[in-house]
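Residue-level structure breakdown
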Amino acid sequence: MRRVVRGFWGPRQEPVETLAERWHATLDRFTGLLPAAAAAAEAGAPWTWRTAPASGPAGTLRPPDEASLRAALRTAQEADDWSAGNGTSLRLVADTAPGWKVEIAALAGGAPQFLLQSLVATIVSPDDAALPDAGLLTAVAEVWHPDYGDVSDRAVTAALKKEAGFRIGTPSVGWVAYLSPSRATRVPPALEPHSRHLPDDRGVLLTLASPGDVAAVVAAYRSLGEAGALEPLPQPMTRPTL
């Protein structure tokens, strides 16, 4: 099964050192949550991650510590003349066990007025694998502090476009969703039983459906949209969250 775990936010300028800390925490959390995906036979062995640049040679990070991540981020910046304003783009692909694929890409650290910053993890797993979707999205929320996020797949996105008027670049939901604190205050009462507030006022996690239950996701999207919880950030954007 293929799913994406995503977080989106507005302008938030950050140096390489801060981005490396966030990346390191993300990789640490994901590898801890996905032990079955590890290529190494030895339990707890460090994962190998490879950079996947748009051009130029790939690099290898083993283990991916903050020093190697700072170097990878600086290399990405040097290859992109627009990184200072738009953010630094980095994509890492893990060496995984057969039947698995884990890829994480982020555009972060910039302050563009019309381009969202983002973290998108794509995970392909065997059909019988049970993935900790809520845990993965919680990791993204706690590490990157996005405005909103979700766990979904192509079927969910297609249904939201066709049945609920969803447009790419606007807030969405999947079978699990995350909303920043200001959005969390707009969650309708009917969905409160499905919500879990994160510590330190970091927003709310909503478990809205089981994977594959597209109709329930569409219904939740409509309900949240009517309540104002999925209002897009005003453009030109001036802040990271609503």
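The shown structure was predicted, so the numbers you read here are calculated from the model rather than taken from an experiment. (Residues numbered from 1 in each chain as written. Predicted model: local features only at pLDDT ≥ 70, side-chain atom pairs only at ≥ 80, totals over all residues. Heavy atoms only, no water.)

Some thoughts on the packing of aromatic side chains
Convention followed: Side-chain rings of Phe, Tyr and Trp, where Trp is taken by its six-membered ring, are said to pair if the distance between their centres is within 6.5 Å; with planes under 30 degrees apart they count as stacked, over 60 as edge-to-face, and otherwise as tilted. In this description a helix means any DSSP run of H or I spanning at least four residues, a strand means any run of E spanning at least two, and both kinds are numbered starting from the N terminus. Using a 1.4 Å probe on the protein chains alone, a residue whose accessible area is under 20% of its type maximum counts as buried, one over 50% counts as exposed, and one in between counts as partly exposed.
In total, this model carries five aromatic pairs according to the counting rule given. Relative to Trp144, the ring of Trp23 lies with its centre 6.3 Å away and its plane at 90 degrees, an arrangement referred to as edge-to-face. In this pair, Trp23 sits in helix H1 (residues 16–33) while Trp144 sits in helix H4 (residues 133–144), placing the two residues 121 residues apart along the sequence. Of the residues examined, Trp23 reaches a relative accessible area of 2% and is grouped as buried. Taken together through their ring pairs, the aromatic side chains of Trp9, Trp23 and Trp144 make up a single cluster.

With respect to the pairing of strand S5 (residues 101–108)
What counts, and what does not: Whether two strands pair comes down to DSSP finding at least two bridges between them.
Most of S5 is tucked away, with six of its eight residues classed as buried. Taken together, the six bridges between strand S4 (residues 88–94) and S5 define a ladder with antiparallel strand orientation. Bridge pairing in S5 places Ser89 opposite Leu107. Here S4 hands over to S5 after six residues, with Gly99 in that stretch at a positive phi of 90 degrees.

Some remarks on the pattern of salt bridges
Applied cut-off: What makes a salt bridge here is a side-chain nitrogen of Lys or Arg within 4 Å of a carboxyl oxygen of Asp or Glu, nothing more.
For the structure shown, the criterion picks out 12 salt bridges. Among the salt bridges present, the one from Arg6 reaches Asp150, with a minimum N-O distance of 2.8 Å. Taken together, the residues Arg6 in strand S1 (residues 2–9) and Asp150 in strand S7 (residues 148–152) connect sequence positions 144 residues apart. In this structure, Arg6 and Asp150 share a single accessibility class: buried. Among the ionic pairs, Glu17 bridges to Arg74, the shortest N-O distance being 3.0 Å. Taken as a pair, Glu17 in helix H1 and Arg74 in helix H2 (residues 66–78) lie far apart in primary sequence, 57 residues in all. Residue classification places Glu17 among the partly exposed residues on the basis of a relative accessible area of 38%.

Here's the deal with the environment of Leu224
Put simply, the test is: Contacts between residues were defined by any pair of non-hydrogen atoms, one from each residue, lying within 4.5 Å.
Secondary-structure assignment places Leu224 in helix H7 (residues 214–226). With residues near it in sequence (within four places) discarded, Leu224 still touches Val173, Leu179, Val187, Pro188, Leu191, Leu206, Leu208, Ala229 and Leu230.

Re the nonpolar core
Stated formally: Nonpolar core, defined: a set of buried Ala, Val, Leu, Ile, Met, Phe, Trp, Tyr and Cys residues in which side-chain atoms within 4.5 Å join the residues together.
Core analysis: the largest hydrophobic core is formed by 70 residues, its most contacted members being Trp23, Phe30, Leu34, Trp49, Trp144, Leu179 and Leu224. Broken down by element, the residue count for this core peaks at seven residues, all from H4.

Focus on the side chain of Thr31
Our working definition: We call two N or O atoms a polar contact when they sit within 3.5 Å, provided that within protein one can donate a hydrogen and the other can accept it, with sequence-adjacent residues counted only if both atoms are side-chain atoms.
Mapped onto the elements, Thr31 comes out in helix H1. For Thr31, the side chain forms a polar contact with the main-chain oxygen of Leu27, separated by 2.9 Å.

With respect to unusual backbone geometry
Negative phi values dominate among residues other than glycine, just as trans dominates among peptide bonds. With an omega of 5 degrees, the peptide bond running from Gln235 to Pro236 counts as cis. Residue placement: Pro236 occurs in the segment after H7. Despite not being glycine, Asp200 shows a phi value in the positive range, around 60 degrees. Along the chain, Asp200 falls in the loop between strand S9 (195–197) and strand S10 (204–207). You can call Asp200 exposed: its relative accessible area is 71%.

The values reported here are purely geometric and, on their own, carry no functional implication.
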